[in-house]
Amino acid sequence: MNLDFSAIKNQKNLLAFSAGVDSTALFFLLLKQNIPFDIAIVDYNLRVQSKDEIAYANELALKYKKQIFIKNVNLENYSNFEKTARDIRYSFFEEIILNEKYENLITAHQLNDKLEWFFMQLSKGAGLVELIGFNEFEQKENYKIYKPLLNITKEQLENYLKINNYKYFVDESNFDEKYKRNFFRHNF
């Protein structure tokens, strides 16, 4: 799997990391092409497994000489967990980006995520701008969000990890259909 990361080759990059399939594959794909990056991960303290994911992120950061940023939060009683978690996550990323002068936030959104987004927006009656709003680059005030995996499926990423024998985690909450995104993922 060869991707063109030339747009960020000589820039200061922060990878949004979770230790799941997508971000772990992206971690190793960036490494393979010698792209400079550090990692940021959020622990919502909702699953026992999250401690293992944080330990793995620390292990990768140490082994590959990456700076790591970790945020611990408790999100047990929020009515809209997905939105709250996203807001906290991106606020954390932006704080790091501003303090450490990163130019890009790299996220591991892939083709399946893009399709889920499309169907979720369509179901809300969104307009054309929202329906096609999942772009490779998104310009923010002080940085860009870069999504290099938008043309690659989750299955391709999983195969890449298995072929290369790279460890990754599967978040069991991804199977819980109480979350809107998971409902779309499993039913459409």
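So, how was this worked out
Residues numbered from 1 in each chain as written. Predicted model: local features only at pLDDT ≥ 70, side-chain atom pairs only at ≥ 80, totals over all residues. Heavy atoms only, no water. Helix = DSSP H or I, 4+ residues; strand = E, 2+ residues; numbered from the N terminus. Expected span 1.5 Å × (residues − 1). Contact = heavy atoms within 4.5 Å. Pairing = 2+ DSSP bridges. Right-handed = clockwise from strand over helix to strand, strands pointing away. Phe/Tyr/Trp six-rings, centres within 6.5 Å; stacked < 30°, edge-to-face > 60°. Buried < 20%, exposed > 50% of the residue type's maximum accessible area, 1.4 Å probe, protein only. Lys NZ or Arg CZ within 6 Å of the ring centre and 35° of its normal.

(A) Main features of helix α2 (residues 49-63). Between its first and last C-alpha atoms α2 spans 21 Å; for 15 residues at 1.5 Å apiece the expected length is 21 Å, and the two agree. At its buried positions, α2 is contacted by α1 (21-32), β2 (38-43) and β3 (68-72). Just beyond α2, the residue with positive phi is K65, at close to 55°.

(B) Just the pairing of β3, in detail. Two elements, β2 and β3, share 5 bridges in a ladder whose sense is parallel. Bridge pairing in β3 links I39 to I68. A crossover connection joins β2 to the parallel β3 through α2; in handedness this β-α-β unit is right-handed.

(C) Up close: the packing of aromatic side chains. If you walk through the whole model with that rule in mind, you get 12 aromatic pairs. Plain terms: the ring middles of F137 and Y146 are 4.5 Å apart, the flat faces sit at 15° to each other, and that makes the pair stacked. For Y146, a relative accessible area of 1% gives the class buried. Between Y160 and Y166, the ring centres sit 5.9 Å apart and the planes meet at 50°, which makes this aromatic pair tilted. An aromatic cluster of three or more residues is present, and its members are F17, F27, F28, F37, Y64, Y160 and Y166. Stacked on the ring of Y102, the Lys or Arg K12 has its end atom at 4.8 Å from the ring centre. Above the ring of F37, the side-chain terminus of K66 is found at 4.2 Å from the ring centroid.

(D) Spatial organisation of the pairing of strand β1 (residues 13-16). Judged by which residues are buried, β1 turns out to be covered on both faces: N13 and L15 on one side and L14 and A16 on the other are all buried. Alignment of β1 against strand β4 (residues 104-106), held across 3 bridges, turns out to be parallel. Note on β4: the bridge partner recorded for L14 is L105. Both β1 and β2 contribute to a ladder of 3 bridges, which runs parallel. Note that in β2 the partner of L15 across the bridge is I39.

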